[in-house]
Amino acid sequence: MSSMSSSSSSATHTSTIGAIGAPSRRNTELALLVFAVVIPVFAYANVGLAIDGKLPAGLLGYGLGLGLLAGVAHVVVRRFAAYADPLLLPLATLLNGLGLVVIWRLDQSDHLQRLAKLQYGAFHPDAPKQLLYSAIGIALFVGVLMLLKDHRILQRYTYISMMGALVLLLLPLVPGLGMNVFGARIWIHVGGFSIQPGEFAKIVLAIFFAGYLMVKRDALALASRRFMGLYLPRGRDLGPIIVVWAISILILVFETDLGTSLLFFGMFVVMLYVATERTSWIVFGLLMSAVGAVGVASFETHVQSRVQAWLNPMHEYLLSRKGIGGHSEQAMQALWAFGSGGTLGTGLGQGHSDLIGFAANSDFILATYGEELGLAGLMAILVIYGLIVQRGLRTALATRDPFGKLLAGGLSGAFAIQVFVVAGGVMGLIPLTGMTMPFLAYGGSSVIANWALLAILIRISDTARRPAPAPAPTPDAEMTQVVRP
Amino acid sequence: MNKPLRRIAIFCGLLVLALLLRDNWIQYVKADSLQSDKNNRRVIIERYSQPRGNIIVDGKAITGSKKTTGTDLKYKRTWKDGPMWAPVTGYSSQVVGATQLESIDDGILTGNDDRLFFRRTIDMITGKKKQGGNVVTTLNAAAQKAAYDGLKNRGKGAVVAIEPSTGKILALASTPSYDPSVFAGNSTTDSNTFVKLDKDKDQPLLNRALRQTYPPGSTFKLVTASAALESGKYEPDQHTETPKRWIMPGTSRPLNNEGNIPCENATLRVALQWSCNTVYGKIGADLGKDAMLKEAEKFGFNKEQFVPVRSSASRFDTDMNASQTAMSSIGQYDTAATPLQMAMVASAIANDGTLMQPYMVDELQSSTLDTVQKTEPKELSRPLSKENAQKLQSMMETVVEKGTGTNAKIPGVTVGGKTGTAQHGVDNSGKPYAWFVSYAKTSSGSPVAVAVVVEDSDANRGDISGGGLAAPIAKNVMQAVLNSK
């Protein structure tokens, strides 16, 4: 992992730019991928041994399946993005594999099976579906790398992206299509599938912001007045940020989802800041977030109850136990799961995170890692997320074109915010929201969209690290060559 | 754009750092309190996750464990002859918790006790499951059966038998009783059954042997006789100067004897043989409250006993005038005693004046049957000198030989006893309590002292007398102990 050590020094941070003959690092990626496949396979065997006392029947099929997916992804990267960052694919594969293991582990829970039968009349295991979603995700990953030869092509679709993002964001509000799941309206239901359009909107919106800000950055950055040490933007330049802010507020009010709202607004502020290099935008962004959140919370009971549940999860738990509607014991159950895991955890398959009940394998999946792998294991997972984000930002730094910088920075920033909002919510650091951990959690939209996101980051990193083509020898150059005797 | 990108990278790093700090907070700092939170279901899941250790009588387990179905609490408690043993074991229910021995020695039975730490550590290293230890009691199965069978036919009552030389409790029965097995589980049926038992007006859950105090009636004359002998002013065969009609000091009320019995100027022996109220009432008044109180407290009155299950404190009033002292000295006024207390009185007399601390747990064992803790017999007090104790023994033997206690005679064995018929209720309207306390003696000392109280009976008032109802039960219990030696 010499690329990591080189990135730690700011003096050499641009060493990959145009470094002719830079190693492609594909073999590093392959070696890391072996670990990323072997670790989940061991974890899978571990769960089977802990629960049934024998190796799970699907061990071979599962190992081969994950290995095949990782292998295909690797071959495609080798072929179509030879100079891509070597860490991104293994890290995502590891998370996806560990996610599958824990989803399978929770499928084995009697408690969850009983709950599912009570609620839906039948229990269907989620792990096979998640494996299918992972396959679709990898297929999309492959598709993006094969079809998107250069990320700058996306720039052409700036305004189409805007329309697409708006449609995606508003879909859950369409009557008959949108569903209210556990108090948040961020789902749509199409032909037997539940889709979370927000996950896809995240990518499409990043493309729009990148395209838009690249064009407008000079106007936004330069045409401003200085006031109390801050550069105040002109009134008309405030337009876009106010529009995005308004949309975020609308999401918060109508889809009652603080997380999605925070994610989009946060991503926009990050990209605005990167584009303009003006700290004032951060100040504006924070102010507007605060005003929006407090304003909405003052009349939106859903947000208020989330905040209450966050401040006093025990009270919430007791109310839920008494059967008072609108309260959930999940937050407290998650805290107990984390606490009961302690430093080293109970070991896979030996915890009781199934007590969380519904969404134990999606929104609350981190609690299972916390309980069964302990503080040590969960910190490792959080660090993996941190590494993905840092590799994404490193890609943004190394990219030469502003659109690529904005897009990679925006996607990485959004990824970081999502991880923070979800993990922070489950661990009780901030109020709980309705999003899921990328790659780990059960859910087709999330897995598929995040593989696409990864493909874009890999494409940008390939462009960034690819050696500049050697200047073509021209006949003219040949002729004007000075020949010394 | 690289400067803001680097700042964003730092910001994202801080987000991950915040998550890591929060994780340490809940999984390390708060782990113990979350883990042991009483609302955390893991606490009881863990508790019932393996078969519970057993309570042992005469080398055989009187309890067991049974695998449950349809609940996450894997094992529930079972009892052999539950109603007979319930006053000894108490209950251990998944729905209402545990009491008495099941609760006091819960740590040993579940295997969580600190004294089993070494064992647990070894098991953990060798990969064995944690196992509960055993509680070996001092009880005698035959005596317990004799006691329970005798009471069962008589309605409400209690029996306590003690080995005088050690304080070992040999029998501890109470009726009506309950079968702890019927609410050991976790279901609504279990909880409803418990509620029904709890509300039953016959109070089957009440451990009458330890927790119910009754007016001891004439059996208390043993304490008065002890005080008399200890004062040095009385001898068993010395005539007491008691008039035929004795008016209580400070009143104009005479103290009556039951029926036409030879009490005028009777000796202590004769007065005990016929249970003369006048003689013992007068002795109590003459000795005075302080002397009586001192003697009663030497026998254990006014103090809770822990065997190790707590027993209620028996009562001898500390603030009385002379006539109240007289009434108290024949076990009336507000004198009250538990069956355990009266068994202690008989036991101290039978053990030549030394009262041993009563106990019913002989040994605590680890799951591998190693001794974790052994109870050594302990002297509690010396209510009587050896000579006086032997004098009182001969008086009690007269009672059984040719007095009110002839029903307790056992051929070839010396038996000493005292009957009691305690009146209670407004104007003595309640059905009297029939008492009998006794001991048996062989050439090698006294193997058993016993107290029996029959609380209620369908027989009419005239028939209820300690000698008629309670003595046969005492006899059977003593015989069972003698036969098992």
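What counts and what doesn't
- Residues numbered from 1 in each chain as written.
- Chains lettered and ligands numbered in written order.
- Predicted model: local features only at pLDDT ≥ 70, side-chain atom pairs only at ≥ 80, totals over all residues.
- Heavy atoms only, no water.
- UniProt positions renumbered as here; feature names shortened; annotations may be inferred.
- Helix = DSSP H or I, 4+ residues; strand = E, 2+ residues; numbered from the N terminus.
- Contact = heavy atoms within 4.5 Å.
- Buried area = accessible area lost by both parts, 1.4 Å probe.
- Salt bridge = Lys/Arg side-chain N within 4 Å of Asp/Glu carboxyl O.
- Polar contact = N/O pair within 3.5 Å; in protein donor to acceptor, adjacent residues only side chain to side chain.
- Nonpolar A, V, L, I, M, F, W, Y, C, P; charged D, E, K, R; others polar.
- Pairing = 2+ DSSP bridges.
- Disulfide = S-S within 2.5 Å.
- Buried < 20%, exposed > 50% of the residue type's maximum accessible area, 1.4 Å probe, protein only.
- Axes fitted to C-alpha atoms, helices over the stretch in contact; angles between N-to-C directions.
- Parallel < 35°, antiparallel > 145°, perpendicular 65-115°, else oblique.
- Left-handed = near helix turned anticlockwise from the far one by under 90°.
- pLDDT = per-residue confidence, 0-100.
- Core = buried A, V, L, I, M, F, W, Y, C linked by side-chain atoms within 4.5 Å.

Turning our attention to the UniProt feature "domain: Penicillin binding protein A dimerisation" (unreviewed entry) in chain B. As annotated in UniProt, the feature "domain: Penicillin binding protein A dimerisation" (unreviewed entry) corresponds to residues 52-135 of chain B in the numbering used here. Helix makes up 33% of residues 52-135 of chain B and strand 25%, with an end-to-end C-alpha separation of 11 Å.

Residue-level contacts link 54 residues of chain A with 33 residues of chain B. Regarding the contact of chain A and chain B, the summed buried area is about 3800 Å², with carbon and sulfur atoms giving 69% of it. Counting the contacts that link chain A with chain B gives 1 salt bridge. Its salt-bridge partner being B:R42, residue A:E371 comes within 2.8 Å of it at the nearest N-O pair. Applying the counting criterion to the chain A and chain B interface returns 14 residue pairs in polar contact (both at pLDDT 80 or more). Counting residues per element, the ones that place at least two in the side of chain A that touches chain B are α10 (258-276), α13 (313-321), α14 (330-341), α15 (365-398) and α16 (402-426) of chain A. For the side of chain A that touches chain B, the element with the most residues is α15(A), which contributes 14 residues. For the side of chain A that touches chain B, the residue count by class is 31 nonpolar, 18 polar and 5 charged.

Turning our eyes to something else, we now look at the sheet that holds strand β1 (residues 55-57) of chain B. Residue and element names in this part refer to chain B. What the 5 strands build is an open sheet, ordered β2-β1-β7-β15-β16; its pairing is mixed. In this open sheet, the two strands that pair with only one neighbour each are β2 (60-61) and β16 (371-374). Sheet analysis places strand β15 (residues 361-365) next to β16, joined by 3 bridges and oriented antiparallel. Along β16, the bridge assignment pairs Q365 with T371.

Attention now moves to the state of the cysteines. Residue and element names in this part refer to chain B. Overall, the coordinates contain 1 disulfide over all chains when judged by the stated rule. Disulfide pairing is shown between C263 and C276; the S-S distance is 2.0 Å. Taking the sign of the S-S torsion, -85 degrees for the link of C263 and C276, the bridge is left-handed. Of this pair, C263 sits in the loop between β11 (254-255) and α12 (268-274) while C276 sits in the loop between α12 and α13 (277-287); the two residues are 13 residues apart in sequence, bridging distant segments of the chain. Here the two residues C263 and C276 agree in accessibility, since each one is buried.

All names here are of chain B. Where helix α11 (residues 221-231) contacts α13, the two axes come as close as 10 Å, and the packing angle between them is 50 degrees. Judged by the angle between their axes, α11 and α13 are oblique. Remark: the crossing between α11 and α13 carries left-handed chirality. Packed against α11, whose contacting residues are K221, T224, A225, A227, A228 and S231, the element α13 presents N277, Y280, I283, G284 and L287 at the interface. Tallied by class, the residues present in the contact of α11 with α13 amount to 6 nonpolar, 4 polar and 1 charged.

So, on to the pairing of strand β4 (residues 75-79) of chain B. Residues and elements named next belong to chain B. In terms of residue burial, β4 counts as a mostly covered element, since 4 of its 5 residues are buried. When strand β3 (residues 63-67) meets β4, the two strands line up antiparallel, connected through 5 bridges. Bridge pairing links K67 to Y75 in β4.

Inspection of the entire model under this criterion finds 30 salt bridges over all chains. We note a salt bridge from A:R26 to A:E29, for which the minimum N-O separation is 2.7 Å. Residue A:R26 and its partner A:E29 are located together in helix α2 (residues 26-52), separated by 3 residues, close to a single helical turn. Here the two residues A:R26 and A:E29 agree in accessibility, since each one is buried. Note that B:R77 is salt-bridged to B:E102, the shortest N-O span being 2.8 Å. Residue B:R77 is located in strand β4, and its partner B:E102 is located in helix α5 (residues 100-104); the two are separated by 25 residues in the primary sequence. Of the residues examined, B:R77 reaches a relative accessible area of 3% and is grouped as buried. The structure contains a network of salt bridges with shared partners spanning B:R47, B:R52, B:R77, B:E102 and B:D106.

This next bit is on the confidence of the model for chain A. Residues and elements named next belong to chain A. Looking at chain A as a whole, the pLDDT averages 85, with 88% of positions reaching at least 70. Averaged pLDDT values for the elements of chain A fall to 42 in helix α1 (residues 2-7) and rise to 96 in α15. pLDDT under 50 marks residues 1-19. Its contacts with residues more than four places away, or in other chains, come to 26 contacts.

Core analysis: the largest hydrophobic core is formed by 144 residues, its most contacted members being A:F141, A:L366, A:L407, A:L440 and A:I458. Beyond its immediate sequence surroundings of up to four residues, A:L440 is in contact with A:L95, A:L98, A:G99, A:I103, A:Q130, A:I365, A:L366, A:Y369, A:I381 and A:Y385. In terms of nonpolar packing, the next biggest core, distinct from the first, is built from 114 residues, B:V279, B:M360, B:A434 and B:I473 among them.

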